[in-house]
Amino acid sequence: MVLALVCSAVIAAGPVVEETPLVPWYVPRSATLGLFINPPMVAPHVRLTWEAAIISQPRNDLIWLVSLGSAFGVGTPRPMTEHYQHVILGGFGYRSDRPLLHWGFHVVAGPVWYRAAYLPGVFYKFESRVLGYLEGRVQLGLRLTPHFRLAVYFGYASPFFFAPQFPGNIYVGGFDTGLVIDWR
C-alpha cells in the first residue's frame, strides 16, 4: 500500500526540470562602482561579487556572497600622499525581486589590506597593514529584465579596531554609496 502511494506520487510529480544558470559559476554575479566618504578623503572603489542562494523562494533569496575589490584615496589629508585599500569579503545577505522593484541587504567581513604613504621627512612611516574589516549595505533598484538589475546602495564599512600610531587606518572604509549592476 505504502509502495503504491509513493510510486503514484513520483509519477504524478512529473519530470524534474533543472533551470540552467544564465552565467557559469565562476563569472561574478554583480559589479559595484562606489565611493567611500571619510572626510576629508573620499575613495572611489570597484568590486566584483559572486553570490548564490542558500534558500530560494519565488521573490526572496537568502544568499551567501564573496566580494573582491580595491579603492584609492582622493583628497588625502596632509602629510599623507597616497592611500589604497584592497578587500576580500564573505558573508550573508537577502535579496528580494518584484516585477519591477529589486531590494536587499548584506553584511560581509574579511581582511582589508591598506597602504598609506607620507611626505618624505615627516614623523609617519609608510604603512602596509592587514586588518579585520566589516561592511554592511542596503540596496534598492530596478529589475530591468528577469536577469538584470540596476540599484543604488548605501552602507558603512570599518576595520575592527583603530591604532593611533597608524593614522592611515582611520581612512579605511567609511560611509559608502554607489551603483550595483547585477546579472544572473
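Located above this text is the structure these notes cover.
All of the points below concern the structure found in this document. (Residues numbered from 1 in each chain as written. Predicted model: local features only at pLDDT ≥ 70, side-chain atom pairs only at ≥ 80, totals over all residues. Heavy atoms only, no water.)

**Looking at the overall build of the protein**
To keep things clear, this is the line we draw: The numbering of helices and of strands both runs from the N terminus, where a helix is a DSSP run of H or I of at least 4 residues and a strand a run of E of at least 2. Exposure categories follow from relative accessible area, calculated using a 1.4 Å probe and restricted to protein chains: below 20% of the type maximum is buried, above 50% is exposed, and the middle band is partly exposed. Throughout, a contact is declared for two residues whenever any of their heavy atoms are within 4.5 Å. Note on areas: Shrake-Rupley, 1.4 Å probe, and residue coverage restricted to the protein chains presented here.
A tally of helices and strands in the protein yields one helix and eight strands. The 184 residues of the protein split such that 40% are buried. Across the protein, the fraction of contacts at a sequence separation of at least 24, relative to all contacts at a separation of at least 6, is 60%. When the accessible area of the protein is evaluated, it comes to approximately 10,800 Å², of which 73% is carbon and sulfur surface.

**With respect to a nonpolar patch on the surface**
Test applied: Patches draw on residues past 30% relative accessible area with no salt bridge. Two like charges within 9 Å are joined, as are two nonpolar side chains (Val, Leu, Ile, Met, Phe, Trp, Tyr) within 5 Å. Criterion for a salt bridge: a side-chain nitrogen of Lys or Arg within 4 Å of a carboxyl oxygen of Asp or Glu.
A grouping of L33, V46, L100, L142, L144, F148, L150, V152, F154 and L179 is seen on the molecular surface, where their side chains present a nonpolar patch of about 870 Å² in accessible area. Mapped onto the nonpolar patch, the elements with two or more residues apiece are strand 6 (127-145) and strand 7 (148-159). Residue contributions to the nonpolar patch peak at four residues, all from strand 7. Locating L144 in the fold gives a position in strand 6. Given a relative accessible area of 45%, L144 falls into the partly exposed group.

**Some remarks on the nonpolar core**
Stated precisely, the cut-off is as follows: By convention a nonpolar core is built from buried Ala, Val, Leu, Ile, Met, Phe, Trp, Tyr and Cys residues, the set being connected through side-chain atoms within 4.5 Å.
Residues F36, V112 and Y133 are the most contacted members of the largest nonpolar core, which totals 19 residues. Of all the secondary-structure elements, those providing two or more residues to this core are strand 2 (41-56), strand 3 (60-72), strand 4 (80-97), strand 5 (101-118) and strand 6. Looking at this core element by element, the count peaks at five residues for strand 5. With residues up to four places along the chain from it excluded, the contact list for V112 reads Q85, H86, V87, R129, V130, L131, Y133 and V172.

**A look at the packing of aromatic side chains**
Any pair of aromatic rings gets described here by the distance separating the centres and the angle formed by the planes. Rules: Pairing of aromatic side chains requires ring centres within 6.5 Å, counting the rings of Phe and Tyr and the six-membered ring of Trp. Pairs whose planes differ by under 30 degrees are stacked, by over 60 edge-to-face, and all others tilted. Definition used: whenever NZ (Lys) or CZ (Arg) falls within 6 Å of the ring centre and also within 35 degrees of the ring normal, the charge is taken to sit over that ring.
Following the criterion strictly, the structure yields seven aromatic pairs and no others. Measuring from ring centre to ring centre gives 5.2 Å for Y118 and Y124, while their planes differ by 40 degrees; the resulting arrangement is tilted. The buried category is assigned to Y118, whose relative accessible area is 12%. Ring-pair connections join several aromatic residues into one group, and the members of that group are Y94, W103 and F105. The positively charged end of R129 is found above the aromatic ring belonging to F166, 3.9 Å away from the centroid. A cation over a ring is seen here: R137 above Y153, with NZ or CZ 3.9 Å from the ring centre.

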